[in-house]
Amino acid sequence: PPRSTLSPSSAASDVYKRQLLGLANVIRYLTYKDVEKGRSVRWILEEINEIEKLRKAEAGSVGDVEGLRLYEAKWSKKLWELLVALVPDEYGFTGRDPRGKDPVNSAISYAYAIIYGLCTHALIASGLDPYVGIIHSERAGRTSLTYDFSEMFKPMAVHAVVVASRNAKLGVDGAGYLTKKSLEVVTRSMYRVLKRKHRSWRYTARGEIYAKAWELRQNVEKGLRFKPFIYAIK
């Protein structure tokens, strides 16, 4: 049957839901940091609590792949709208646009590329085919499983970029690519995040990518439980 009529696997569905939770965790953390500095952004905490309540209530009604795509797109958009208020105004950031040429969108795309590379390597090292898609459709030369698997790790890239945008002046060249200095800033910020360790994880953030790839292999091969990664800061 067409892919859109297939029920998503429990593992794939949970990955997308945990990605949303991880992004919410990033927004909460950045908001608390701003509140400590005296910024009037406490309203974001109220908004995100309401979003999470409504999102979780809707989660149980997601029954197929197309429904999961719509669910992720809807709630991701709402979270990105909140994140806009946490990025310095000077960048003119209005939300996530994969084709955006502004410094923040360019930095996010670059940070995502680092995540994709690590995820592809982790999947291959675990004996999985990164070209087999579950939610992302399969296409010749497209690492569809990488894109599915990487969703739960993307919040760490968002965290790294927003921190970089606050600590340094990110810039792009005439073609919309990050300048050399900006690439260095974002790369350092990204790898600081990858070295982080949280009490709810067994390994560093980078180590969790490899651990979860192996866990996914066990899920596919033996039916063992797969528990998606949740990015957390505090």
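Scroll up a little and you will see the structure.
In this text, all values refer to a predicted model and were calculated from it rather than measured experimentally.

Novice: Tell me about the overall build of the chain, and please be specific about residues and values.
Specialist: Counting its secondary structure elements, the chain contains 8 helices and 0 strands. Reading the chain from its N terminus to its C terminus gives the helix and strand order α-α-α-α-α-α-α-α. The globule rule puts the C-alpha radius of gyration for 234 residues at 17 Å, and the 18 Å found for the chain is close to it. Along the first, second and third principal axes, the C-alpha set of the chain runs to 50 × 40 × 35 Å. The buried share of the chain, reckoned over its 234 residues, is 50%. Carbon together with sulfur atoms contributes 52% to the accessible area of the chain, which is approximately 11,700 Å² in total. One way to put it: in the chain the 39 positive side-chain charges average out to a point 6 Å from where the 25 negative ones average out.

Novice: Residue-level account of the layout of surface pockets, with values.
Specialist: In this approach, a probe sized like a water molecule rolls over the atoms, and the result shows the empty space that is left. Estimated volume of the largest pocket: approximately 460 Å³. Every residue lining the largest pocket is counted, 17 residues in all, and those nearest its centre are Glu72, Pro98, Tyr112, Glu151 and Lys154. For the lining of the largest pocket, the secondary structure elements donating two or more residues are helix H1 (10-36), helix H3 (65-83) and helix H4 (103-125). When grouped by side-chain class, the residues that make up the lining of the largest pocket number 8 nonpolar, 4 polar and 5 charged. Quantified by volume, the second largest pocket comes out at close to 300 Å³. Partitioning the lining of the second largest pocket into residue classes produces 7 nonpolar, 1 polar and 5 charged.

Novice: Go over helix H7 (residues 180-194), please, and point to the residues and values.
Specialist: One turn of the α-helix equals 3.6 residues, which is why residues spaced by three or four share an orientation. With 15 residues, H7 extends 21 Å between its outermost C-alpha atoms, agreeing within 8% with the 21 Å of an ideal straight helix rising 1.5 Å per residue. Buried within H7 we find Ser182, Val185, Val186, Ser189, Met190, Val193 and Leu194. Tucked into the core, H7 has its buried residues touching H4, helix H6 (154-167) and helix H8 (205-222).

Rules used throughout
- Residues numbered from 1 in each chain as written.
- Predicted model: local features only at pLDDT ≥ 70, side-chain atom pairs only at ≥ 80, totals over all residues.
- Heavy atoms only, no water.
- Helix = DSSP H or I, 4+ residues; strand = E, 2+ residues; numbered from the N terminus.
- Rg over C-alpha atoms; globule rule 2.2 N^0.38 Å.
- Buried < 20%, exposed > 50% of the residue type's maximum accessible area, 1.4 Å probe, protein only.
- Areas by Shrake-Rupley, 256 points an atom, 1.4 Å probe, with all protein chains shown as cover.
- Lys, Arg positive; Asp, Glu negative; His and termini not counted.
- Charge placed at Lys NZ, Arg CZ, Asp CG, Glu CD.
- 1 Å grid on protein atoms, 1.4 Å probe; cavity = no way out; pocket = protein on both sides within 12 Å on 5 of 7 lines; lining within 4 Å.
- Points joined across faces, edges and corners; volume = space filled by probe spheres on them.
- Nonpolar A, V, L, I, M, F, W, Y, C, P; charged D, E, K, R; others polar.
- Expected span 1.5 Å × (residues − 1).
- Contact = heavy atoms within 4.5 Å.

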